[in-house]
Amino acid sequence: MAGGGKRKRLSLSKLYSFACGKTSLKGDQSQMGTTGFSRVVHCNEPDSFEAKIRKYRGNYVSTTKYNVATFLPKSLFEQFRRVANFYFLVVGILAFTPLAPYTAVSAIFPLIVVVGATMVKEGIEDWKRTQQDIEMNNRKTRVHQGDGTFKSTGWKNLRVGDIVKVKKDEYFPADLLLLSSTFDDGICYVETMNLDGETNLKLKQALEATAFMHEDSHYRDFKALIKCEDPNTNLYSFVGTLDFEQNLYPLSPQRLLLRDSKLRNTEYIYGAVIFTGHDTKVMQNATAPPSKRSKFEKQMDKIVYFLFFALFMMAFIGSIVFGVATNNDLDGEKMKRWYLQPNDSTIYFDPKKVGMASIFHFLTALMLYNYFIPISLYVSIEVVKVFQSSFINNDINLYYEPSDRPAHSRTSNLNEELGQVDTILSDKTGTLTCNSMEFIKCSVAGTAYGHGVTEAERGMGVREGESVKGWDQSKDSSTTKPHIKGFNFKDERIMDGNWVHEPQARIIEKFFRLLAICHTAIPDVDEETGKISYEAESPDEAAFVIAAREIGFEFYKRTQTSVAVRDARKRMSVIVRNEEGKLLLLCKGADSVMFERLAKSSRGFEEETRNHVNDYADSGLRTLILAYRELDEEEYKIFNHKFTEAKNSVNADREALIDDMAEKVERNLILLGATAVEDKLQEGVPACIDKLAQAGIKMWVLTGDKMETAINIGFSCCLLRQGMKQIIINLETPDILSLEKTGNKEAIAKASKDSVLRQITDGKALITGPSGTAETFALIIDGKSLAYALEDDMKHLLLELAMSCASVICCRSSPKQKALVTRLVKSGTKKTTLAIGDGANDVGMLQEADIGVGISGVEGMQAAMASDVAIAQFRYLERLLFVHGHWCYRRLSSMICYFFYKNIAFVAALGIFEQDVSAASCLKYPLLYQEGMKNLLFGWRRVLHWLGNGFYTAIVVFFFCSTALQHQAFNPDGKTVGIDVLGGTMYTCIVWAVNLQMAMTVCYFTKIQRGLIIYCLCMLYLFFLAFGSLSPSMSTTAYKLFAEALAPAASYWFTVIFVIIAALLPFFAYSAIETRFFPMYHQMIQRLESGRHEDDPEYCDMMRQKLLQPPTSVGFSARLAARANKLRRKNKNQNQPQYS
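Source: prediction; values computed, not measured.

### Some words on the overall build of the protein
Across its full length, the protein carries 38 helices and 33 strands. Here the protein, with 1140 residues, has 56% of them falling under the buried criterion. The contacts of the protein with a sequence gap of at least 6 include a subset with a gap of at least 24, amounting to 75%. Of the roughly 50800 Å² of accessible surface on the protein, a fraction of 57% belongs to carbon and sulfur atoms.

Here it is in structure tokens:
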């Protein structure tokens, strides 16, 4: 056995009904060779002439934004998309002409510095993506060398047609056709978490014709021809044929192993490479790294347009005045302004060529007034954002110690966007959950067992101010027993064999026996220790088997004398023979399909079980109903014969035949009880979602999981609650299912689209109807329906429906669909979207959103590497948005507005260290976050307010100074004011006004702020003295200006004081009136924090009510409110008088 390894003789296909049947050669296979189905693969012959002429892509993958050839042009394009950069480029070019009032170097050098620094930053960020690509492309796999041996090689070297060997827990390097595995019938388990987020293992099976080829030597002379569909984005479909040994075999998705999925519970498999590199389905679903620009940056472009218009008008009007004045200079042959010597000047002042002189003056004025659009603003913003990113990276409250992962702001361009998020689109597995299931409670014979507490219950307790009593194995310091993965159950009545003393001991025994038997898990015995571990298809199945073992019912060996029926309709059954020789049908499934199958005589504790199931669901637990029945020998023989026939059928009705057989045998069941399993949420998820809801942020969940799983998680994390109306859109209707059996693709597509449109229309009608206004709705849609709903003629209807719902859950979503939904929300609402996920299947979604947040979790680092910000836990999103997001938004909005008011030298403190309220208040009052969502601090109203304030200050300083000093003796010597004294006085007023303006604006004074303001004022007078002490040839009119002219003159000091008061008084009055009578959220909190109104408790209580209890539709706050309303209605009905 050259490289064959240990063989597993168990034929797992006998444990499954759907996954391991035969595939019909009819239908899609007939399309081979037509458009969209033209791929031909010569297996084991990648070097053949036929393979080479097709020129398929290699397996090298690149996810970078730039490469060596595109970096310079693409990066320059990104920089000059900024209006200000483009403007300064034009000005820089004009600076090389004689028109320029300054040197070309002074104009072009700042632009080079700004653009160059940003390009270097972009290059560094993209190099990190390149390193990730290099690591992935150099991963090792084993490829057939043509002589029956396999050699290790890098992923990037694989070619279409290669035969590869993949071992347990390794990722598939390309899309492969499964040829054989360690199991005799070619079965293997695949984990697709990186593709669709599902933790359940998928079962794949090779064709019977190739399943025997389980040794390396079998591939020495192996030859086959594959014809299949062309590369596409659909993860769940595959159509093709295999021509092997002159026989034609149909291929289905069950035979396809996708790149980036992982081999589990199987020692090794052999596969033929079908799709490589960017042709693989996972890469077809990927999107190119986008160029993201924040809304601040786009708004700044609009402000620059406005300022450029003002600049243009100033230059235009000035040029007209200049032209008129120049034209009037010529009085016959005499020059009125002879001192300008226009005779000796060039055309710029020639009164005989007034038109050209005016045009040249206009161009010169455009360059001269460019301080109106300061390039230093962009430099300052970049500097401030770098500091803000460092604050995020070094926040100890965002550090996750168990995995040693701090927060990482991977790009500083989007910091302020964190304070404006309107909608969050989240992955489920690994983002909201921990990828683990725990058996926590159960109901047996109408009695509830288990003292465990879920995260949702714990969160509701915190909200109510009560401590929730319950047990959590991972947090119980009193026990020395190690934590058992999948088991978080404690109840003295059941544990340690005490169940035998319970009144219903017989039912309890049957209940846990069913858990130990009804599953597809495989026991794996450690030969050294004797301990048994289980290889299960899904985490919840493993949790059931482990729970049974811990109670005393250990599953240790599997044989093939049982028949398992796995129904697509939410249930599973197994038929076994017990030690007494009786045939038992053991069944578990969802309550929606199980209660209707109970025998009338076995409903004694059905009501109690239903109540327990509802309580478990309200606590966010996943529930299953357990039941059984006895079969007689004749009934079993008939069933087994017909079931085997149906399973091996190759016609289109195969699944329907199996359904019919399951329906006939799964009836008259005897109820045993219900299980409650927690899909373990990450710590703090319900509390975080509740705070996000209080802030008015909408939450969407986009997951590849099945609908039932997604709904359960919706209840767990409080996105759904009992009493919330669910609008479910899917294509699992009888009409569509029957139509799918015909294989008529056009008819299926038309009917499916019509069905989705009808369901969306019905949903909108339900919401807008008379009863809809009083109800809260949740939209749940599956991937099939989503494919039609995202088409151009329907997507806006979907968005309208979704935005009317409190929660939205998209199930069975492919990575491409996640990205498309994110794009729809972003473009349709025109508001800031944030996507958060942890797997490779989330990368497209993260790149499409305005902000992509990656969870550096167990699914690898692909999402974290492609994100804008990486955090270790979902709960850190609360602090990232409410503290850092709010502060970054406020700091930048204040800084930019203030920048148009004064010079950059005075705004550094405002942009880096400003805080309006403390971090604790940001977290306590989520409503504060709406200032960013509504863009209250950087809207046009606020921008124009600051621009108007700047113009007002400039007018006051100029006219008040010139009027106050005009035609008066300036000092005791009787000297009047010249341009030097007037300029010095005006400059002093401006410096004092803008610094005091900042002092009035800053909310969070530190030593740094105070020091910078004092430093600026001191530097004013030191500059006057230092520059004035230079020789007159250098200082010109400023020689000894302050020491001998300004400082000794009392009128200078009186003028400065008067002008400063006049300039600041309107802003002070406006701020005082707004704060007292029309306060914004942050001003309310500031007044509460300051304690200035402790003598007015009524006023304080009013503000707290406004801030603390915003109405929400999701989260445990909404769940508590719904419970309270229900109790109030109940009490009201009880108190009403009864009339007979």
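That covers the picture; the talk isn't over yet.
### A look at the sheet that holds strand β6 (residues 187–191)
Reading across from one edge, β7-β6-β12 is the order of the three strands in this open sheet, with antiparallel pairing throughout. At either margin of the open sheet sits one strand with a lone partner, and together these are β7 (201–205) and β12 (262–264). Strand-to-strand twist of the sheet, defined as the mean angle between neighbouring strand axes without regard to direction, takes the value 45 degrees. With three bridges joining them, β6 and β12 adopt antiparallel strand pairing. Looking at the pairing, Y189 lines up with R264 of β12.

### Overview of a nonpolar patch on the surface
The grouping of F308, F312, F316, I317, I320, V321 and V324 at the surface amounts to a nonpolar patch, some 600 Å² of accessible area in total. For F312, the location among the structural elements is in helix α7 (residues 295–328).

### Quick look at a negative patch on the surface
A cluster of acidic side chains, namely E267, D524, D526, E527 and E528, defines a negative patch on the protein surface. With respect to the helices and strands, D526 occurs in the loop between β20 (522–525) and β21 (532–535).

### Concerning the sheet that holds strand β4 (residues 163–167)
In spatial order, the strands read β3-β2-β4-β13-β5-β11; together these six strands make up an open sheet with antiparallel pairing. Looking at the sheet topology across the chains shown, the edges are occupied by β3 (150–154) and β11 (256–257). Here six bridges tie strand β5 (residues 175–181) to strand β13 (residues 268–275), and the two strands are oriented antiparallel to one another. Paired with L176 across the two strands is V273, which belongs to β13.

### As for the pairing of strand β30 (residues 807–810)
Here β30 shows a buried face lined by S807 and I809 and a second buried face lined by V808 and C810. Strand direction decides the pairing type here: strand β27 (residues 698–702) and β30, joined by four bridges, are parallel. Bridging from a neighbouring strand, V701 pairs with I809 of β30. When strand β29 (residues 777–781) meets β30, the two strands line up parallel, connected through four bridges. When the sheet's bridge partners are listed, A778 is paired in β30 with S807.

### Quick look at the packing of aromatic side chains
In the structure shown here, the tally under the stated rule is 29 aromatic pairs. With centroids separated by 6.1 Å and ring planes inclined at 5 degrees, the aromatic side chains of F312 and F316 adopt a geometry described as stacked. Here F316 and F312 lie together in helix α7, a separation of four residues that amounts to about one turn. Taking relative accessible area as the criterion, F316 reaches 38% and is therefore assigned partly exposed. Ring geometry for F312 against F362: centres 5.2 Å apart, planes inclined by 85 degrees, an arrangement best described as edge-to-face. Here the residue F312 occupies a position in helix α7, and F362 occupies one in helix α8 (residues 354–368), the gap between them amounting to 50 residues.

### Looking at the pattern of salt bridges
In the structure shown here, the tally under the stated rule is 39 salt bridges. In this structure, R81 engages E78 in a salt bridge whose closest nitrogen and oxygen atoms are separated by 3.0 Å. In this structure, E580 engages K582 in a salt bridge whose closest nitrogen and oxygen atoms are separated by 3.8 Å. Taken together, the salt bridges that share partners define one network made up of R39, R57 and D279.

### Considerations on the pairing of strand β9 (residues 240–244)
When you tally the buried positions in β9, you get four out of five residues, the bulk of the element. Across four bridges, strand β8 (residues 224–228) lies against β9 in antiparallel orientation. Bridged to I226 within β9 is L242. The turn joining β9 and strand β10 (residues 247–251), which pair antiparallel and follow one another in sequence, is formed by two residues; a positive phi near 55 degrees is taken by E245.

### Describing the packing of helix α31 (residues 979–1001) against helix α32 (residues 1007–1028)
For the pair α31 and α32, interaxial distance at closest approach is 10 Å and the crossing angle is 170 degrees. One finds that α31 runs roughly antiparallel with respect to α32. Taking contact as the criterion, the partners of G984, Y987, T988, V991, W992, N995, M998 and A999 in α31 are, on α32, I1013, C1016, L1017, L1020, Y1021 and F1024. Grouping the constituent residues of the contact of α31 with α32 by class yields 11 nonpolar, three polar and no charged.

### Observations regarding unusual backbone geometry
One non-glycine residue with positive phi stands out, namely K55, at about 50 degrees. Following the sequence through the fold, K55 ends up in the loop between α1 (49–52) and α2 (71–79). Its identity is not glycine, yet D496 carries a phi of approximately 55 degrees, on the positive side. With respect to the element layout, D496 can be found in the loop between α10 (455–464) and α11 (505–517). Among the residues examined, D496 registers a relative accessible area of 72% and is labelled exposed.

Criteria and thresholds
- Residues numbered from 1 in each chain as written.
- Predicted model: local features only at pLDDT ≥ 70, side-chain atom pairs only at ≥ 80, totals over all residues.
- Heavy atoms only, no water.
- Helix = DSSP H or I, 4+ residues; strand = E, 2+ residues; numbered from the N terminus.
- Buried < 20%, exposed > 50% of the residue type's maximum accessible area, 1.4 Å probe, protein only.
- Contact = heavy atoms within 4.5 Å.
- Areas by Shrake-Rupley, 256 points an atom, 1.4 Å probe, with all protein chains shown as cover.
- Pairing = 2+ DSSP bridges.
- Axes fitted to C-alpha atoms, helices over the stretch in contact; angles between N-to-C directions.
- Patch = residues over 30% accessible without salt bridge, like charges linked within 9 Å, V, L, I, M, F, W, Y side chains within 5 Å.
- Salt bridge = Lys/Arg side-chain N within 4 Å of Asp/Glu carboxyl O.
- Lys, Arg positive; Asp, Glu negative; His and termini not counted.
- Charge placed at Lys NZ, Arg CZ, Asp CG, Glu CD.
- Phe/Tyr/Trp six-rings, centres within 6.5 Å; stacked < 30°, edge-to-face > 60°.
- Parallel < 35°, antiparallel > 145°, perpendicular 65-115°, else oblique.
- Nonpolar A, V, L, I, M, F, W, Y, C, P; charged D, E, K, R; others polar.

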